[in-house]
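Here is what each chain is made of, one letter per residue.
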Amino acid sequence: MAHGMERLITKLRNERRLEAEEYRALLVCDDGEVSRKLQKAARETALARFGNRIYIRGLIEITNICRNDCLYCGIRKSNRKTERYALDKAEILECCRTGYGLGFRTFVLQGGEMPEHSDRMIEDVCKAIHAEFPDCAITLSLGERRAESYERFFKAGATRYLLRHETHNPEHYSLLHPAEMSLEHRLQCLDTLKGIGYQTGTGIMVGSPFQTFGNIVEDIMYISDFRPEMIGIGPFIPHKDTPFAGYGTGLVDSLPVDIIGLTLKLISIFRLMFPDALIPATTALATLAPDTALPGGRELGILSGANVVMPNLSPAGVRHRYSLYDNKASTGAEAAEGLAKLEASLKRIGYRITIDRGDFSGRLTRQSL
Ligand code: 5AD
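The following paragraphs examine the structure supplied in this document. (Residues numbered from 1 in each chain as written. Predicted model: local features only at pLDDT ≥ 70, side-chain atom pairs only at ≥ 80, totals over all residues. Heavy atoms only, no water.)

## Let's talk about the overall build of the protein chain
Assigned secondary structure in the protein chain consists of 14 helices and nine strands. A compact globule built from 369 residues would reach a C-alpha radius of gyration of about 21 Å, and the protein chain, at 19 Å, matches this within 12%. With the C-alpha coordinates aligned to their principal axes, the bounding extent of the protein chain is approximately 60 × 45 × 40 Å. Across the 369 residues that make up the protein chain, the buried fraction comes to 59%. Across the protein chain, every contact between residues at least 6 apart in sequence was considered, and the portion connecting residues at least 24 apart equals 77%. Total accessible area on the protein chain stands at roughly 14800 Å², and carbon and sulfur atoms take up 53% of it. Distance between charge centres in the protein chain, computed from 47 positive and 46 negative side chains, equals 4 Å. (Helix = DSSP H or I, 4+ residues; strand = E, 2+ residues; numbered from the N terminus. Rg over C-alpha atoms; globule rule 2.2 N^0.38 Å. Buried < 20%, exposed > 50% of the residue type's maximum accessible area, 1.4 Å probe, protein only. Contact = heavy atoms within 4.5 Å. Areas by Shrake-Rupley, 256 points an atom, 1.4 Å probe, with all protein chains shown as cover. Lys, Arg positive; Asp, Glu negative; His and termini not counted. Charge placed at Lys NZ, Arg CZ, Asp CG, Glu CD.)

## A few points about the environment of A340
Relative to the elements of secondary structure, A340 occurs in helix α14 (residues 339-348). Its relative accessible area of 60% is what places A340 among the exposed residues. Sequence separation between A340 and L102 is 238 residues; the distance between their C-alpha atoms is 10.0 Å.

## Considering the site of the ligand
Residues in close proximity to the ligand include Y72, C73, Q110, R164, E166, M205, P235, F236, I237, L324 and Y325, which together make up its full environment. The backbone of Y72 places a nitrogen or oxygen atom 3.0 Å from a nitrogen atom of the ligand. E166 is positioned with one of its side-chain polar atoms (N or O) 2.5 Å from an oxygen atom of the ligand. Protein chains bury 87% of the 410 Å² of accessible surface belonging to the ligand in isolation. (Near = heavy atom within 4 Å. Polar contact = N/O pair within 3.5 Å; in protein donor to acceptor, adjacent residues only side chain to side chain.)

## What to know about helix α9 (residues 213-226)
Taking 1.5 Å per residue, 14 residues should reach 20 Å; α9 reaches 20 Å between its end C-alpha atoms and fits that length. With ten of 14 residues buried, α9 lies mostly within the body of the structure. For α9, the set of buried residues is F213, N215, I216, V217, D219, I220, Y222, I223, S224 and F226. Buried residues in α9 make contact with α2 (20-28), α7 (170-176), α8 (183-196), β6 (199-206), β7 (230-235) and α10 (259-273). Looking one or two residues beyond α9, the residue adopting positive phi is R227, at roughly 55 degrees. (Expected span 1.5 Å × (residues − 1).)

## What about helix α1 (residues 5-15)?
Buried within α1 are the following residues: M5, L8, I9, K11 and L12. Summarising the axial view, the buried residues of α1 lie within an arc of 165 degrees, below the 170-degree limit, and thus occupy one face. Away from its buried face by more than 90 degrees, α1 exposes R7 and N14. Where α1 is buried, its residues touch α2, α3 (32-50) and α10. (Arc of directions from axis to C-beta.)

## Quick word on a nonpolar patch on the surface
Together, L175, F210, Y247 and V252 give the surface a local cluster of nonpolar side chains, amounting to about 330 Å² of exposed area. Note that L175 resides in helix α7. Judged by its relative accessible area of 40%, L175 is partly exposed. (Patch = residues over 30% accessible without salt bridge, like charges linked within 9 Å, V, L, I, M, F, W, Y side chains within 5 Å. Salt bridge = Lys/Arg side-chain N within 4 Å of Asp/Glu carboxyl O.)

Here it is as C-alpha cells:
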C-alpha cells in the first residue's frame, strides 16, 4: 500500500482532522488498496454511530423556476427549453401525505431560487406541513435568500436548510456562476442559517468544470471549520442545454480521474471527520453509477460512509422538468414509490431503512425540545 497512506487514514480516524497537504495526498493517491482501507474505516465509523440504519428523506421539487443562471445547472434561467412549473400549497401537501403514508418523517422542499414575493407562500406551506405533520422535520433547499426570509421559515417550522457552497475558491466560484453571484454572499447565507439555529447542510459537486485537487482541499478545510450537520457530495454531470454541455467530468490538474471513486473518497473523508454528520448517497451518484452495476452508486455511497438517501416524492408529471443534469434518476429505487426496491437493494448490502427523523444529535432543535 502506498507509503504513509495507512498512517493518514489512522490519523484521520483517530484525530478527525488532517493537514491540508495530507488531505491532498489521500485524494490524489490512486492506489485501490488505499481507497478500500479508507472506505472500510468510514463504513466502520458510520456503523458504530448509526448501526446499519439509513435515514430516508422525501424530496419534493417544488419549482424549477429560478432567477439564477449557474452555468452547470439545467434549470438556470437562460435555459429556454425547460418548461417551468411551480407546485402550489395543495400539491405540496398532497406529496407530504403520500410520503407520510410511505413512512417518510422528513420532507425536503427543494427548488430554484424563487422571487422574493414567494416568501409568504413558503412560510405558509411550512406552517401547514408543520400543523398537519407535527412529528415530521421540514428541510428547505431554496438557495440564497434574505436573513429575514430564513428567519420567517424557521419560525414557521423549518429546522434544516441545505445550501451547497459549490466551491470555496472565489475564482473557481466565478467560473461556475454568473457575475451577479458571489462566494462571499453564499458563505454569508450559510453563516446566517447556522446563526438562526438551522441544522445546516453544505457541500460540493465533484469534477465540476475547472475544479482542481487544490480546490477540493480548500473545500475540505472550509467544511472542517464550518462544521455543517449535513454534507452533500455528488459528481458533476453535464446538462445538454447549459454552457457546460460539452464538459466531461474530470479535474483540470490530473489525468482523467475516476469521478465516482473520488466522490466516494470524499464521502469517506467527511464521515471520518464528522462521525455524527448526515451524509446522503446522492441521486447524482446513483445516476452516474447506476444500479445496473452492482453495487450501484447509492450502495457504494453507503458502503463509503453515507447514511441518508433522498427518494423523490415530487408528482410524477413534473419530475422530468426538474432536470439539473442529464439522465437524472427519478424512478425505480430513486422514487418514493419505489421504497420496496430501495429496501431490497439496501438489504443486499446489509442495511435497512429507518423512519426515525434522525435529527443531528449534536444539538437540540426546536422540535425536539
Ligand atoms: N451536476 C451535478 N449536480 C448538479 N447540481 C446542479 N447542477 C448539477 C449538475 N449539472 C447540484 C448543485 C446544487 C444541487 C441542488 O444540485 O450542487 O447545489
